[in-house]
Amino acid sequence: MSWSLHSLFPICLKPTCPLFTKRHMLPHQEEIAKQILSGDENYIYWQGGVGSAKTILFAALGAALAISIPESEGILFRKDFADNNKTLWKYFKNSIKAACDQGIIKGNYDKLFKFKHQGDYNECHLPNGSIVYRGQTKSWTAYMGPTYDFIIVADAMENNNFGEIFHGEGVVGGLQSRLRGQHSSFFKLPNNTYKDMRRFLIESNTPPIVNELHVLFGREPGVRNLTTIPDPITGKYITYRHIQASTIQNDHNPASYFSEIASTHSNIDDVKRILEGKTVPYYGGVRVIETFHPEIHVASFETDIQLPLFVGIDPGGQHPGVTFSQIKKCAYNKDHYITLSEISNLYDKTTYELVDYRSNDKLGILQHLNDFYPEYFDLESYTQVRNSLLEKVDDPSKIDAYILEYHFKNIYFCIDRSGQNTSRTNRDAKSDLTILSSEYGIRCKYKTNIGLDQSLNRVRKLHKEICICNLPLRMIDRKCELLIDGYSGGYRYPKKKDGTHGDKPVEDHRYEDICDGDRYSLENFLWSTAYLHDTQVEKTKRTDSRYPWSWMGDLS
Ligand SMILES: [Zn+2]
Ligand SMILES: [Zn+2]
């Protein structure tokens, strides 16, 4: 029988709607469904305002895929069963019921569902051999058995470890690795061609902070590459589609719904986030570096391989922060301090892992240097030499680490003064400073007399200064997402009830760490030239004076 996705939606209850009493999608749902079903993207991230009717569309799509692709298997997730039963799984059951009532599914609705557990059924078995499971992401590893043709996650921002759920960590794959059902991979279209109809559908209200969903799927809508490596067989890149939708696009909400919610939020950013589905972070507190403005301080830059590279390290097991910067001279011979990249996505790692680690986009210092600054550091030859040194000793800290120092040509490191404290999080209670230098050949500068308030004042002042070449004396590459978010407001003082603020920035193990790494680097390399005394030959800062801005990359 012929049917359309509209048939799987609830009967319209809005008396003024031209389709009153009929089953129908809303226009924006139809547009989004078209993109999902006819597009080439296997991965869809939909970030929408509250009440933008995301879950109901994904539930109907789940039903439609199970019906249309015989013998397929899919799973519908929310964080836990209790919420799933009330939302995604409920809407899915409604769609299946609608399909049964209209004869789209030939079978008795009540007999399709199996294995009752925690308030509802775990599985739906269709007469065409398809199975749809109910899942909870809080125990996602329990669902790694089957291969899936489609995976749907509702309200993904409820999970604080979505990156891990999605792609796993280390050698263990996440749910993504189970999306390889044969029936969807080679789905035959009516015109006898084949289409990859595997779908991983993720929807979320807009997260109040920039989080792992944005690391995976970006902040803005669009179609982009999910991976940096093309598929070895097809040569194609795996792509995802990021969709945003506003509450107001759902014209079947009560007429005053948007304004009811908007009126309780005085901040325009809250309205943008909550109702319009836009990526606008909320930080609270009082900004520490209020002189930073992303629209003037952020751009794209290229590395000048003639110049030294400065690395600022804020160690710390929970969340270390590392920045990579250069000091470039403009045509007016002024120093511009440019931060090119950051390490900000390692959590709960030892100092050894901070140095030496690779899992997807999570890179330790050595791996980051190798991938981003190959002219400065060659991990392969470094590892060869280090391994041969390790063979000669029982204790890794007894190697001739100074031999390794030569591998960091033109790279200078600095660390928080706490780097000299012994740390209980490391296996042998050695200080970070000792581990870095005696086991890896990474020698770090540190300053003991910085003074937090004076140091922060220097950072504020620096961000106010515009050179006669018209560019700020301090700029940040747009790759440094956490540092930019930190200076935009994530790095903050606690706000007191009387409107004043605490005198120390919030130790949130997120923004504070990367901003600290940046500050140590400024203190040791921009506001001190002590690093130069270590070397025989003073590194001259190169001037390229064809244009005042010729050291800048693409400004777009
Ligand atoms: Zn209607
Ligand atoms: Zn300048």
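Asker: Any chance you could break down the coordination of the zinc ion (ligand 1) for me, citing the residues and the numbers?
Answerer: For the zinc ion (ligand 1), the protein coordination sphere consists of Cys12 (SG), Cys17 (SG), His24 (NE2) and His252 (NE2), at 2.0 to 2.4 Å. Around the zinc ion (ligand 1), the four donor atoms sit at angles spanning 103 to 114°, and that spread fits a shape best called tetrahedral. Sequence positions of the donors to the zinc ion (ligand 1) reduce to the motif C-x4-C-x6-H-x227-H. Of the residues examined, His24 reaches a relative accessible area of 10% and is grouped as buried.

Asker: Describe the coordination of the zinc ion (ligand 2), naming the residues involved and giving the relevant values.
Answerer: Cys330 (SG), His336 (NE2), Cys467 (SG) and Cys469 (SG) make up the full set of protein donors to the zinc ion (ligand 2), lying at 2.1 to 2.4 Å. For the zinc ion (ligand 2), the four donor atoms in the first shell make angles of 101 to 116° at the metal, a pattern classed as tetrahedral. Positions of the donor residues of the zinc ion (ligand 2) along the chain correspond to the pattern C-x5-H-x130-C-x1-C. Like Cys330, the residue His336 is buried in the burial classification.

Asker: Pulling in residues and values, what's your account of the packing of aromatic side chains?
Answerer: With the rule as written, the count across this model stands at 26 aromatic pairs. Here Phe310 and Tyr412 contribute two aromatic rings whose centre-to-centre distance is 5.9 Å and whose plane-to-plane angle is 35°, an arrangement assigned as tilted. Of this pair, Phe310 sits in strand 14 (residues 309-314) while Tyr412 sits in strand 19 (residues 411-415), and the two are 102 residues apart along the sequence. Residue classification places Tyr412 among the buried positions, given a relative accessible area of 9%.

Asker: Before we move on, can you summarise helix 14 (residues 379-391) with the specific residues and values?
Answerer: Spanning 13 residues, helix 14 covers 18 Å between terminal C-alpha atoms, matching the ideal 18 Å at 1.5 Å per step. When helix 14 is considered as a whole, its buried residues turn out to be Leu379, Tyr382, Arg386 and Leu389. Around the axis of helix 14, the buried residues are gathered within 95° of arc, so they sit on the same side. Exposed residues pointing more than 90 degrees away from the buried face of helix 14 are listed as Glu380, Gln384 and Glu391. Residues of helix 14 that are buried in the fold lie against strand 17 (358-359), helix 13 (365-372), helix 15 (401-405) and helix 16 (432-440). Here helix 14 starts with a cap whose side-chain oxygen sits 3.0 Å from the backbone nitrogen of Glu380, and that cap is Asp378.

Rules behind the numbers
- Residue numbering note: each chain is counted from 1, following its sequence as written.
- Key to labels: chains lettered from A, ligands numbered from 1, both in the order written.
- Local features are withheld for residues below a pLDDT of 70 in this predicted model, meaning they are given only at 70 or higher, and side-chain atom pairs are given and counted only at 80 or more; totals for whole chains, interfaces and linings count all residues.
- Calculation of side-chain values draws on the structure's entire complement of heavy atoms; hydrogens and water are dropped beforehand.
- For Na, K and Ca the donor cut-off is 3.2 Å, while for other metals it is 2.8 Å, and in both cases only N, O and S atoms qualify; water is not among them, so sites may look incomplete.
- In these descriptions, tetrahedral denotes four donors with every angle between 85 and 135 degrees, square planar four donors and octahedral six donors with opposite donors over 155 degrees apart and the rest between 65 and 115, and irregular any other case.
- Burial classes follow relative accessibility: with a 1.4 Å probe on protein chains only, a residue under 20% of its type's maximum area counts as buried, one over 50% as exposed, and anything between as partly exposed.
- Geometry of aromatic contacts follows a simple scheme: Phe, Tyr and Trp rings, the Trp one being its six-membered ring, pair when their centres are within 6.5 Å, and the pair is stacked under 30 degrees between planes, edge-to-face over 60, tilted otherwise.
- A run of H or I in DSSP counts as a helix once it spans at least four residues, and a run of E counts as a strand once it spans at least two, with each numbered from the N terminus.
- Each residue after the first adds 1.5 Å to the expected span of a helix.
- Directions pointing from the helix axis toward each C-beta atom define the arc.
- Throughout, a residue-residue contact means that at least one pair of heavy atoms, one from each residue, lies within 4.5 Å.
- Side-chain atoms alone can form a polar contact between residues adjacent in sequence; in general such a contact is a pair of N or O atoms within 3.5 Å, and within protein one must be able to donate a hydrogen while the other accepts it.

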